Amino acid sequence: MKIVMIFDQIQSGLGTKDDRMVPLTGKKEAVGPAVMMQPFLKEIDGHVMACLCCGNGTYLENPEEVSRKLCAMVKKLKPDVVICGPAFNYADYAAMCAKVAVDINKNGDSRAFAAMSQENEDVIREYKDKVMIVKTPKKGGMGLNDSLKHICQVAEAMAKGSGDLEKLRQEVCF
């Protein structure tokens with residue numbers, strides 16, 4: 001199963017919270033949380049083929065354009081599934097994850113979902129009926145391994161069109 005992940009500048013390792021204007025870019029390797037997910041990806045025969053990213057400020061400056069470009073990049077890569085996040089408790093990044101996941105599902109051949117913590121309640125309230133959002137702890141919170149495993153389980157079910165998807169939505173999503 002081929003997976004693309006979408007990150008902000010922090011999760012991609014390209015900057016800090018102050019480096020908000022990192023341009024849209026990609027890496028054809030696992031970075032950030034994708035590296036931590038490796039043991040769980042092996043369980044589902046998953047492979048992160050690319051990580052796409054941009055700074056929060058870059059996204060906020062023109063959300064429609066950034067989302068359109070990310071959708072085009074995903075379409076070109078043809079993954080089985082796109083994981084937007086985990087955004088943890090970073091509000092701007094959570095908003096990007098949810099919007100981009102919705103847009104990929106509307107405009108592409110790949111399926112997408114988001115992952116974030118409950119601290120992003122406004123984003124969750126706005127998007128939970130439009131896209132699957134897997135629960136994660138806030139940055140540094142307890143339960144990260146469980147949520148990474150859940151992210152991989154949702155990715156597998158989504159890529160395979162499995163009947164487990166609705167069960168997972170009830171158990172591990174907002």
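In what follows, the structure referred to is the one given above.
Quick caveat: nothing in here was measured; it's all calculated off a predicted structure.

A. Region of interest: the packing of helix 4 (residues 63–77) against helix 5 (residues 91–107). Two numbers describe how helix 4 lies on helix 5: the axes approach to 9 Å, and their chain directions differ by 50 degrees. For the element pair helix 4 / helix 5, the angle class is oblique. Our pair here, helix 4 against helix 5, has a crossing hand that is right-handed. From helix 4, P63, E64, S67, L70, C71, V74 and K75 reach across to helix 5, where they touch K99, V100, D103, I104 and N107. Looking at side-chain class alone, the contact of helix 4 with helix 5 contains 6 nonpolar, 2 polar and 4 charged residues.

B. Inspection of the packing of helix 7 (residues 144–160) against helix 8 (residues 164–172) at higher detail. Closest axis-to-axis distance for the helix 7/helix 8 pair is 9 Å, and the angle between their directions is 155 degrees. Accordingly, the angle class assigned to the pair helix 7 and helix 8 is roughly antiparallel. Where helix 7 crosses over helix 8, the handedness of that crossing is left-handed. Counted together, H150, Q153, V154, A157 and M158 of helix 7 and D164, L165, L168 and V172 of helix 8 form the full contact between these two elements. For the contact of helix 7 with helix 8, the class distribution of residues is 6 nonpolar, 2 polar and 1 charged.

C. Representation of the pairing of strand 5 (residues 111–117) within the structure. The buried fraction of strand 5 is high, at 6 of 7 residues. When strand 4 (residues 81–84) meets strand 5, the two strands line up parallel, connected through 4 bridges. Its bridge partner lying in strand 5, V82 is registered against A112. For the segment spanning strand 4, helix 5 and strand 5, crossover handedness is right-handed. The sheet contact formed by strand 5 and strand 6 (residues 133–136) spans 4 bridges and is parallel. The residue of strand 6 that forms the bridge with M116 is K135. Read from strand 5 through helix 6 (residues 121–127) to strand 6, the crossover connection turns out right-handed.

D. Looking closely at the sheet that holds strand 2 (residues 25–27). Strand order in the open sheet made by the 6 strands is 2-3-1-4-5-6, with mixed pairing throughout. Of all the strands in the sheet, the pair left with one neighbour each is strand 2 and strand 6. When strand polarity is set aside, the average angle formed by the axes of neighbouring strands in this sheet is 25 degrees. Along the sheet, helix 4 makes contact with strand 1 (2–7), strand 2, strand 3 (47–53) and strand 4, crossing strand 3 at roughly 160 degrees.

E. Broad picture of the nonpolar core. Counting 61 residues, the largest nonpolar core has M5, I6, F113, M116 and V154 as its most contacted members. Filtering out sequence-adjacent residues up to four positions away, M116 remains in contact with A87, F88, A94, A98, V123, I124, I133, V134, K135, T136 and F174.

F. View of the packing of aromatic side chains. Across all of its chains, the model carries 0 aromatic pairs by this definition. In this structure, K135 packs its charged tip against the face of F174, placed 5.8 Å from the ring centre.

Conventions used here
- Residues numbered from 1 in each chain as written.
- Predicted model: local features only at pLDDT ≥ 70, side-chain atom pairs only at ≥ 80, totals over all residues.
- Heavy atoms only, no water.
- Axes fitted to C-alpha atoms, helices over the stretch in contact; angles between N-to-C directions.
- Helix = DSSP H or I, 4+ residues; strand = E, 2+ residues; numbered from the N terminus.
- Parallel < 35°, antiparallel > 145°, perpendicular 65-115°, else oblique.
- Left-handed = near helix turned anticlockwise from the far one by under 90°.
- Contact = heavy atoms within 4.5 Å.
- Nonpolar A, V, L, I, M, F, W, Y, C, P; charged D, E, K, R; others polar.
- Buried < 20%, exposed > 50% of the residue type's maximum accessible area, 1.4 Å probe, protein only.
- Pairing = 2+ DSSP bridges.
- Right-handed = clockwise from strand over helix to strand, strands pointing away.
- Core = buried A, V, L, I, M, F, W, Y, C linked by side-chain atoms within 4.5 Å.
- Phe/Tyr/Trp six-rings, centres within 6.5 Å; stacked < 30°, edge-to-face > 60°.
- Lys NZ or Arg CZ within 6 Å of the ring centre and 35° of its normal.

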